[in-house]
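# Close look at the chain arrangement
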Amino acid sequence: MMSTEPEVVHMTEIRIYAQAPPCTATATAKVRANLALHHLLAACRFSARVGQIESDNIGQPLGSFWDEILQNSLGVATLTVAALESYANEMYFEGAIL
């Protein structure tokens, strides 16, 4: 039988037991690390680096700095797509309607 509930993955369960007679306490928490925002912030960092390299090389003929611009730009594109995918997954796991 298939469940209609989305399966929650990448969760860490933390259990704490404390006992000091005559009292006993138990706590349970589930934690999930969302990465969409972190991917987006990393993309912003790469983008800022591209802007800095371009500013540093205004008026210069195309040279060795081009490789660094290209590689950082690829990081921007890759991390932006990763952020979108991660955000869609986070909304799915939270049961949001996409």
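Our subject is the structure that appears above.
Here the focus is the pattern of salt bridges. If you walk through the whole model with that rule in mind, you get one salt bridge. Put simply, Glu68 and Arg49 hold a salt bridge, and the shortest N to O gap is 2.9 Å. Residue Glu68 is located in helix H2 (residues 65-93), and its partner Arg49 is located in helix H1 (residues 36-56); the two are separated by 19 residues in the primary sequence. For Arg49, a relative accessible area of 35% translates into the label partly exposed.

As a further point, take the packing of aromatic side chains. Ring pairs (aromatic) are described by centroid distance and by the angle formed between their planes. The full count for this structure, using the stated rule, is one aromatic pair. On the basis of an interplanar angle of 65° and a centroid distance of 5.5 Å, the ring pair of Tyr92 and Phe93 is categorised as edge-to-face. When its relative accessible area of 46% is taken as the criterion, Tyr92 is described as partly exposed.

This paragraph deals with the environment of Ser73. Tracing the backbone shows Ser73 in helix H2. With 24 residues separating them in the primary sequence, Ser73 and Arg49 have C-alpha atoms 9.1 Å apart.

This part covers a nonpolar patch on the surface. On the surface, Leu62, Trp66, Leu70 and Leu74 cluster together into a nonpolar patch covering about 420 Å² of accessible area. You can see Leu74 is positioned in helix H2.

As a further point, take H2. Here H2 spans 42 Å end to end across 29 residues, near enough to the 42 Å set by a 1.5 Å rise per residue. Among the residues making up H2, those that are buried are Phe65, Ile69, Asn72, Gly75, Leu79, Ala83, Ser86, Glu90 and Met91. Positioned one or two residues after H2, Gly95 has a phi angle of 85°, which is positive.

Right, let's talk about the environment of Gln71 for a bit. Along the polypeptide, Gln71 turns up in helix H2. Sequence-wise, Gln71 and Phe46 are 25 residues apart; in three dimensions their C-alpha atoms are separated by 9.3 Å.

Rules and cut-offs
Residues numbered from 1 in each chain as written. Predicted model: local features only at pLDDT ≥ 70, side-chain atom pairs only at ≥ 80, totals over all residues. Heavy atoms only, no water. Salt bridge = Lys/Arg side-chain N within 4 Å of Asp/Glu carboxyl O. Helix = DSSP H or I, 4+ residues; strand = E, 2+ residues; numbered from the N terminus. Buried < 20%, exposed > 50% of the residue type's maximum accessible area, 1.4 Å probe, protein only. Phe/Tyr/Trp six-rings, centres within 6.5 Å; stacked < 30°, edge-to-face > 60°. Patch = residues over 30% accessible without salt bridge, like charges linked within 9 Å, V, L, I, M, F, W, Y side chains within 5 Å. Areas by Shrake-Rupley, 256 points an atom, 1.4 Å probe, with all protein chains shown as cover. Expected span 1.5 Å × (residues − 1).

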